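An overview of the molecular structure
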Amino acid sequence: MSEQRSTAEADRLPVLKTHKVYVGGKFPRSESGRFDRAFAPDGTPIANICRCSRKDVRDAVTAARAAQAGWAARTAYNRGQILYRIAEMLEGRSAQFEALLAAGGATSREAAAEVQAAVDRLLHYAGWTDKFQQVFSSVNPVATSHFNFSILEPMGVVGVLAPESPLLGLVSSIAPAIAGGNTTVVLVTGGQPLPATTFGEVLNSSDVPGGVVNILTGRRDEMLAPLAGHRDVDALLLCSPDPDVARSAEIEAVHNLKRVAVRPHEDWTDVQSPYEITDLQEVKTTWHPIGS
Amino acid sequence: MTDSTPATGHGAPKLRLGLRNDNDDGWGYAPAPESTDHVELRDRYGLFIDGEFTDAKGGRTFETANPATEEKIADVALASDADVDAAVAAARRAYDEVWSQLAPRERGKYVYRIARVLQERGRELAITESLDGGKPIRESRDVDIPLAAAHFFYYAGWADKLDYAFPGRGARSLGVAGQVIPWNFPLLMAAWKIAPAIAAGNTVVLKPAETTPLTALKLAEIIQDAGVPPGVVNIVTGAGETGAAVVQHEDVDKVAFTGSTEVGKLIRRALAGSGKHYTLELGGKAANLVFEDAAVDQAVEGIVNGIFFNQGHVCCAGSRLLVQESVADEVISKLKDRMETLIVGDPLDKNTDIGAINSRAQLDRIEEYLKIGEEEGAEPFQTSCPVPDRGYWCRPTLFLHAAQSHRVVQEEIFGPVLAVQTFRTVDEGIAMANNTPYGLSGGVWSDKGAKAFRVTSRIRAGVLWANTYNKFDPTAPFGGYKESGIGREGGLAGLHAYLQPEEAA
């Protein structure tokens, strides 16, 4: 059962792909052993996907936390190269993603445009990794004899509720988070999960350290509350136009005062700016005396 | 613990003749009280709404008292929901009709005026602050009031430069800000809230703390005198209910709160899903790390300033001392000696180091923690200085050999109480510093620059002081990681808290 079914003709039986989740740099199934189906727009089932549980969320947070300090400690140059590498890998797999998007109902022209936009978006944020700090940090002219500066630091582990937009939205939510040194747990709960599960493979072949991006598929009502309430998640990026979704997640997030950014966009074409990075950064001010 | 607890393990505290405020030996400081002659305090203060002082609807009032004498200073209007409604309506009207229409340069001029009059009336404000809140006059005179004026002066200049706030984007004000501030830095917190808000083009409704409303009301007089259009700044006094009415008001676009993490979470919950802007400055339990290569005498001064500044009523206080084991004995011995020289007493005396605890309720809370610390097994040390008979006082206190699990290590006490722990390696010190749900601030003492910056970069907190502590400036962003809050005040980051970037075209 796969997106390749339509191409399965002639006399050879195609090898179908099992769509698994991406956690800690590996491709496990849900610990729950459950599955859901992904459907074509006409209702035909096209794949089985993992229906992840709150325990999968927990495992993914553990992986994201384990990876966070190391990822943040990479040089900005290195993170930029790795984001660039993701773009390279995605570009190379354009045909596969176009087919996945087409299977989800996009015309071939729309599918090609979305893949190209996603590649370009990765490129855009690859370039920001070693620039946003220069644009947004400051040396503060305090009125005492101190060297005083404010820099941006990643918030840490960011829980992402991925948008419905299956590839461009997904990439637009993940890229700025990791460009700034955060690690992510991404919940894919929309109607088209296959680009996301396949994007995990792209990440895995792009020198992204395991655990920097963790992608879970399943149902929002099972996964979002445990993620939003998890004490070891520092921030949430909620990509949903539904205010009730944001509200309920925000209430869970109060527990440890997670930072919450809400992205209600349905069209992700123009959702690209350094503020997508800085919204997931903390400001740290450091003082040191100037003297002998 | 008893008042006369000697320094355990180090023998009796050493006398430092000429430094202690112990008049019995004939070498103490003579009293040096600040004169209060020219300070005019009214018996009764109203709410400041729409440019006028007015009684609360229904005429309810509460008393504000001097914590050093327990004597009432004035009756202050207690704002109800209806008063808050009136204040928010005035702020909305002023925003729509006046303040958002005003040329940015002119808006800035009003804010500059406020800064100037604050400077002119600095002495009066400093005395009022010390009378109403109990902080030493030296601190209100040299820190609170000058910094409050500096905040207005700094943000005034931003008013016509908002196009530079967000690179690549325009900036828009938010509307009406509802602001609630604490009692530890009453005028300074009012300045932190009001200055960036109105400079950025917003209007405000501010609620000062119940125990320290007077300087905010004097600020209202100054704002009135400065000719700021009615309704741009509204000040409603009262207790928690009034504050709740301000931050939960439907017509408030932005909420700014400084106070406890507990209340901050309630506010955050109430704002969930509203899409409103908010900044929260909450509690802290900062680690002050002293490494073996620190300049010990400077570090001791920094420890004292970190925890005993403003009676320890400081959210970013260095309330956990982490000392590297190899220098722990020396540091603690010198710290005890230094603490013995601290003078607790009349906030208006210029020799006073530690003034009055802000209220009976806060003293009760601190004393509860003194019991808890001892019961849990930490070793208490308190200085032997005399304290006045009346008023609320707490001698500077250490809890030595505190364990990570002790509540005096985990919880914010908000008093002159320092929990002391030791560590062996740099990594252990960092891990201990980060072992808290708070993340407001931290201190590092080391003469090795590379080490100091390594440690400051690894402490998860919003403000790091290396070889200094408790320094503040209007240009320097301040605010917490983790459960110490969300957002920043001060600097450009503090301006962002009152603006939104214009959507990309």
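Residues numbered from 1 in each chain as written. Chains lettered and ligands numbered in written order. Predicted model: local features only at pLDDT ≥ 70, side-chain atom pairs only at ≥ 80, totals over all residues.

A closer look at the overall build of chain B
When you go through chain B residue by residue, the secondary structure sums to 15 helices and 20 strands. Against the compact-globule benchmark of 23 Å for 505 residues, chain B has a radius of gyration of 23 Å, which places it among compact chains. Once the C-alpha set of chain B is aligned to its principal axes, its extents read approximately 70 × 55 × 35 Å. The buried share of chain B, reckoned over its 505 residues, is 58%. Contacts in chain B between residues at least 24 apart in sequence constitute 72% of all its contacts with a sequence separation of at least 6. (Helix = DSSP H or I, 4+ residues; strand = E, 2+ residues; numbered from the N terminus. Rg over C-alpha atoms; globule rule 2.2 N^0.38 Å. Buried ≥ 20, exposed ≤ 12 C-beta atoms within 10 Å, placed from the backbone. Contact = placed C-beta atoms within 7 Å.)

Here we look at the overall build of chain A
On a plain count of helices and strands, chain A comes out with 10 helices and 10 strands. Compactness check: chain A gives a C-alpha radius of gyration of 20 Å against a globular reference of 19 Å for 292 residues, within 12% of the reference. Considered along the principal axes of its C-alpha atoms, chain A spans approximately 85 × 35 × 30 Å. For chain A, buried positions account for 52% of its 292 residues. In chain A, the share of contacts with a sequence separation of at least 24, taken over all contacts with a separation of at least 6, comes to 77%.

Re the interface of chain B and chain A
In this assembly, 32 residues from chain B lie in contact with 30 residues from chain A. Broken down by secondary-structure element, the contributors of at least two residues to the side of chain B that touches chain A are α8 (261–271), β18 (463–466) and α15 (491–496) of chain B. With 4 residues, the top contributor of residues to the side of chain B that touches chain A is β18 of chain B. Along the lines of polarity and charge, the residues of the side of chain B that touches chain A split into 17 nonpolar, 7 polar and 8 charged. Bridge count between strand β10 (residues 281–289) of chain A and β18 of chain B: 3 bridges; the pairing is parallel. Opposite T286 of chain A, over in β18 of chain B, you have L464 of chain B as the bridge partner. (Nonpolar A, V, L, I, M, F, W, Y, C, P; charged D, E, K, R; others polar. Pairing = 2+ DSSP bridges.)

Overview of the pairing of strand β7 (residues 176–180) of chain B
All names here are of chain B. Where burial is concerned, most of β7 is hidden: 5 out of the 5 residues are buried. In this structure, β7 lies alongside strand β8 (residues 203–207), joined through 5 bridges in parallel fashion. Bridge pairing links V180 to K207 in β8. Handedness of the crossover is the feature at issue here: the chain leaves β7, passes through helix α5 (residues 186–199), returns alongside β8, and the resulting connection is right-handed. (Right-handed = clockwise from strand over helix to strand, strands pointing away.)

Here we look at helix α8 (residues 220–229) of chain A
All names here are of chain A. Among the residues of α8, those classed as buried are M223, L224, L227 and A228. The arc that holds every buried residue of α8, seen down its axis, measures 120°, which confines them to one face. Where α8 is buried, its residues contact α1 (54–73), β5 (157–161), β6 (183–188), β7 (213–217), β8 (235–238) and α9 (243–253). (Arc of directions from axis to C-beta.)

Examining the domain arrangement of chain B
Residues and elements named next belong to chain B. According to the domain assignment, chain B contains domain 1 (23–30 + 284–466) and domain 2 (44–101 + 175–282 + 481–500). For domain 1 versus domain 2, the distance between C-alpha centres works out to 31 Å. Counting residues at the interface gives 22 residues for domain 1, matched by 13 residues for domain 2. The residue makeup of the side of domain 1 that touches domain 2, split by class, is 10 nonpolar, 9 polar and 3 charged. (Domains from an automatic or database assignment.)

Some words on the sheet that holds strand β14 (residues 379–382) of chain B
Strand order in the open sheet made by the 10 strands is β3(A)-β4(A)-β10(A)-β18(B)-β17(B)-β12(B)-β13(B)-β16(B)-β15(B)-β14(B), with mixed pairing throughout. The outermost strands of the open sheet, each flanked by one partner alone, are β3 (138–139) of chain A together with β14 of chain B. Bridge count for strand β12 (residues 287–290) of chain B against strand β17 (residues 441–445) of chain B is 4 bridges, and the pairing is parallel. Paired with N288 of chain B across the bridge in β17 of chain B is G443 of chain B. Contacting β14, β15 (397–400) and β16 (417–423) of chain B, helix α11 (residues 360–375) of chain B crosses the sheet at an angle of about 35° to β16 of chain B. (Axes fitted to C-alpha atoms, helices over the stretch in contact; angles between N-to-C directions.)

As for the environment of A60 of chain A
Residues and elements named next belong to chain A. Looking at the secondary structure, you find A60 in helix α1. The spacing of A60 and G24 is 36 residues in sequence and 7.0 Å in space, taken between C-alpha atoms. Setting aside its immediate chain neighbours within four residues, A60 contacts V23, V185, N214 and L216.

Here's the deal with the sheet that holds β7 of chain A
Residue and element names in this part refer to chain A. Spatial strand order, β7-β6-β5-β8-β9: 5 strands in an open sheet with parallel pairing. With one partner strand each, in any of the chains shown, β7 and β9 (259–262) form the two edges of the open sheet. With strand direction ignored, the average angle separating the axes of adjacent strands in the sheet is 15°. Across 5 bridges, the pairing between β5 and β6 is parallel. By the bridge assignment, V157 is partnered in β6 with T183.

Some points on the packing of helix α3 (residues 94–103) of chain A against helix α7 (residues 194–204) of chain A
Residue and element names in this part refer to chain A. At a minimum axis distance of 9 Å, the contact between α3 and α7 shows a crossing angle of 165°. Taken as axis vectors, α3 and α7 run roughly antiparallel relative to one another. For the element pair α3 and α7, the recorded crossing hand is right-handed. Residues Q96, F97, L100 and L101 of α3 touch α7, and the partners they reach there are L194, P195 and T198. Here the contact of α3 with α7 is composed, by residue class, of 5 nonpolar, 2 polar and no charged. (Parallel < 35°, antiparallel > 145°, perpendicular 65-115°, else oblique. Left-handed = near helix turned anticlockwise from the far one by under 90°.)

Things to note about the confidence of the model for chain B
Residues and elements named next belong to chain B. Overall, the prediction assigns chain B a mean pLDDT of 94, with 94% of residues at 70 or greater. When the criterion is pLDDT under 50, residues 1–21 qualifies, and its contacts beyond four places in sequence or with other chains add up to 42 contacts. As a predicted assembly, this complex carries a pTM of 0.94 together with an ipTM value of 0.94. (pLDDT = per-residue confidence, 0-100.)

Section: the pairing of β9 of chain A
Residues and elements named next belong to chain A. Here β8 pairs with β9 via 4 bridges, running parallel. Paired with L237 across the bridge in β9 is A261. Handedness of the β-α-β unit built from β8, α9 and β9 comes out right-handed.

Observations concerning unusual backbone geometry
Residue and element names in this part refer to chain B. Notably, Q311 is not glycine yet its phi reads approximately 60°, a positive angle. Considering the arrangement of structural elements, one finds Q311 in the loop between α9 (296–308) and β13 (320–324). Of note, H401 is a non-glycine position whose phi angle comes to about 50°, a positive value. Judged by C-beta crowding, with 14 C-beta atoms within 10 Å, H401 ranks as partly exposed.

Topic: helix α3 (residues 122–133) of chain B
Since the α-helix advances by 3.6 residues per turn, residues separated by three or four positions end up pointing in the same direction. Residue and element names in this part refer to chain B. Between its first and last C-alpha atoms α3 spans 16 Å; for 12 residues at 1.5 Å apiece the expected length is 16 Å, and the two agree. The element α3 is largely enclosed, with a buried count of 9 among its 12 residues. Buried within α3 are the following residues: L125, A126, I127, T128, E129, S130, L131, D132 and G133. Buried residues in α3 make contact with β4 (61–66), β5 (71–77), α2 (104–120), α4 (137–156), α5 and α6 (214–225). Backbone geometry just after α3 places G134 at a positive phi near 90°. (Expected span 1.5 Å × (residues − 1).)

What about the nonpolar core?
With 184 residues, the main nonpolar core has L122 and L216 of chain A together with V111 of chain B as its most contacted residues. Looking at this core, the element that brings in the most residues is α5 of chain B, giving 11 residues. Once you skip the residues sitting within four places of it in the chain, L122 of chain A turns out to touch L83, I86, A87, L90, V171 and A175 of chain A. Counting 73 residues, the second-largest nonpolar core is a separate cluster that includes W287 of chain A together with L289, V304 and Y481 of chain B. (Core = buried A, V, L, I, M, F, W, Y, C linked by C-beta atoms within 7 Å.)

Section: the environment of A103 of chain A
Residue placement: A103 of chain A occurs in helix α3. Separated by 77 residues in the primary sequence, A103 of chain A and G180 of chain A place their C-alpha atoms 33 Å from one another.

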